[in-house]
Amino acid sequence: MHKVITYEVKGMTCAACVSAVEKSALKVEGIVEANVSLPTEQIRLVVDDHFDEQTFFKTIMLSGYKAQVIDDSLTLGEKQSKKLKHLLNKVIISTLFIIPLMYVSMGHMIKLPIPMFIDPMTNPQNHALAQMILTIPIMLVGFRYYLNGFRNLFRLKPNMDTLVAIGTTASFLYGLYATLMIFLGHHDYVMMLYFESAAMILLFIMLGKYLEQKSTAKTTSELEKLMELKPQTAIKFDGNTYVEVPILEVKVGDLLMVRPGDTIPTDGIIKHGRTTIDEAMMTGESLPKEKEE
C-alpha cells in the first residue's frame, strides 16, 4: 500500500541541488516517487511498506543536504518570511562593507580623494590590507556558498554554489598573492588586487537570492490566503440525518449535502438535485455553470 509523506530539505540552492536530492531519494528502498520543491524546500515522497525514514535521512545527509520532519510550529508563509528577513540582513551587512571597499579600490580611478594612509601610490601596503579587511566580512556572511560549494565539488556533484565558491576564492587568493608581492617591494601589484571582484560577486548573488525569496514569499502568502477559503466542515448524511462534521472526517463514498450559497467542500459526484456552480477559480469563466445528476 502506497502513502504520501512530505519532509523538509535544507541546503538546496539551485536546480542541480533539486536533481541531486531526488536521485538520492529514489535510491532508498521503499520510495516509489520523489518530487522536490526548491521554493518551499520540501520533498514529497510516495512510499510503500518497505520505506525506512532513518535510512532516507541518512542517504540525503550523505548527498550533502539535510532532510527532517516538517516543523508545524510555523506556517509555510512564516518560514518564508523568516528566510526573507535573514537574506535581507545578509544583503545589508554586505552592502555596509562593499561601499567603503569600492571607494578604496576604485576611488582613485575617478579622482576621488583617498586618505593618504591608504592611498595606493603612497601607501600600497595599507591600500591592499584595507581592501582585504573589508572583503573578509562579506565572505564570512556568504560562508554557506563555500560550505555547500566545496562540499559538493568534493562529492563530484558541483552546483551553482560551487561556481560561486571557486570564482570568489580564486579572486581572493590572487589578491592575497598580490598583497604579499606588495610587501616584498613589488608595488606595481597594487593595481592587480581583485578583492572587490570577490565581494561584488557575493553581493550580487545574495541580492539575487533575496529578490527570488521575496517573490516566493509573496506567492506563498497568496496561496495561503486562497487555502483559507477552503471550507473546514461539511454536512454529512450519517444514515438517519445530516450532521456537520470536520472536513478531515469526510471519506470516499460519503453522502454530503450542499445548501444554496454553500462552498462545495470536496470533489464529488451529484447524486440528487441540480444547481449552478461558480468555477471561476479553476476555469476563469465568470458565469456559473449548470450541474445536474
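Here, every reference points to the structure presented above.
This is a predicted model, so every value here is computed, not measured. Numbers given for residues are sequential positions, taken from 1 along each chain in its written order. In keeping with the predicted nature of the model, local features appear solely for residues at pLDDT of at least 70, side-chain atom pairs appear and are counted solely at 80 or more, and the whole-chain, interface and lining totals rest on all residues. Side-chain numbers come from the whole structure's heavy atoms, not from hydrogens or water.

1. Topic: the packing of helix α1 (residues 15-26) against helix α2 (residues 53-62)
For helices, the axis comes from a line fit to the C-alpha atoms of the stretch in contact; other axes are also lines fit to C-alpha atoms, and the angle between any two N-to-C directions lies between 0 and 180 degrees. Only DSSP runs of H or I with at least four residues qualify as helices, and only runs of E with at least two residues qualify as strands; both kinds are numbered from the N terminus onward. The N-to-C vectors of α1 and α2 enclose an angle of 140°; their axes lie 9 Å apart at closest approach. Relative to α2, the element α1 lies oblique. By crossing handedness, the relation of α1 to α2 is classed as right-handed. The segment α1 lies against α2, with V21, S24 and A25 engaging F56, T59 and I60. Any angle between 65 and 115 degrees counts as roughly perpendicular, while under 35 counts as roughly parallel, over 145 as roughly antiparallel, and the rest as oblique. Should the near helix be turned counterclockwise from the far one by less than a right angle, the crossing is left-handed, whereas a clockwise turn marks it as right-handed. Two residues qualify as a contact provided that any one of their heavy atoms is within 4.5 Å of a heavy atom in the partner residue.

2. Considerations on helix α4 (residues 124-141)
For α4, which comprises 18 residues, the first-to-last C-alpha distance of 27 Å matches the rise-based estimate of 26 Å (1.5 Å per residue) to within 8%. Taken as a whole, α4 has its buried residues at P124, H127, A128, A130, Q131, M132, L134, T135, I138, M139 and V141. Of the surrounding secondary structure, the elements contacted by the buried residues of α4 are α3 (76-106), α5 (143-154), α6 (160-183) and α7 (195-227). Under the convention used throughout, the expected extent of a helix is 1.5 Å for every residue step, that is, one less than its residue count. When a residue's accessible area, from a 1.4 Å probe over protein chains only, is under 20% of the maximum for its type it is buried; when over 50% it is exposed; and in between it is partly exposed.

3. Comments concerning the nonpolar core
We call a set of buried residues a nonpolar core when its members are Ala, Val, Leu, Ile, Met, Phe, Trp, Tyr or Cys and they connect through side-chain atoms within 4.5 Å of each other. Ranked by size, the top nonpolar core spans 33 residues in total, and within it I98, I182, L193, L202 and M206 carry the most contacts. Every residue in contact with I98, bar those within four places of it in the chain, is listed here: I138, A199, M200 and L203. Ranked by size, the runner-up nonpolar core spans 23 residues in total, among them V28, I31, A34 and F57.

4. Observations regarding the layout of surface pockets
To find leftover empty space, a probe the size of one water molecule is rolled over the atoms. Estimates place the volume of the largest pocket at around 1,700 Å³. Only protein atoms enter the 1 Å grid used here. Points where a 1.4 Å probe fits but cannot escape make up a cavity, open sets with protein on both sides within 12 Å along at least five of seven lines make up a pocket, and a residue lines them when an atom lies within 4 Å of a point. Lining the largest pocket we find 40 residues, and of these V258, I264, P265, T266 and I277 sit closest to its centre. Going through the elements one at a time, α7, β7 (256-257), β8 (275-277) and α8 (280-283) are the ones with two or more residues in the lining of the largest pocket. Side-chain classes are defined by residue name, with Ala, Val, Leu, Ile, Met, Phe, Trp, Tyr, Cys and Pro counting as nonpolar, Asp, Glu, Lys and Arg as charged, and the others, Gly among them, as polar. Within the lining of the largest pocket, the residues separate by chemical class into 20 nonpolar, nine polar and eleven charged. Grid points are joined across faces, edges and corners, and a volume is the space filled by probe spheres set on the points. In this structure, the second largest pocket spans a volume of roughly 1,100 Å³. What lines the second largest pocket is a set of 33 residues, among which K10, G11, E41, K83 and H86 lie closest to the centre. Listed by contribution, the elements that provide at least two residues to the lining of the second largest pocket are β1 (3-10), β4 (66-69), α3, α5 and α7.

Shape is all these values report; function is a separate question.
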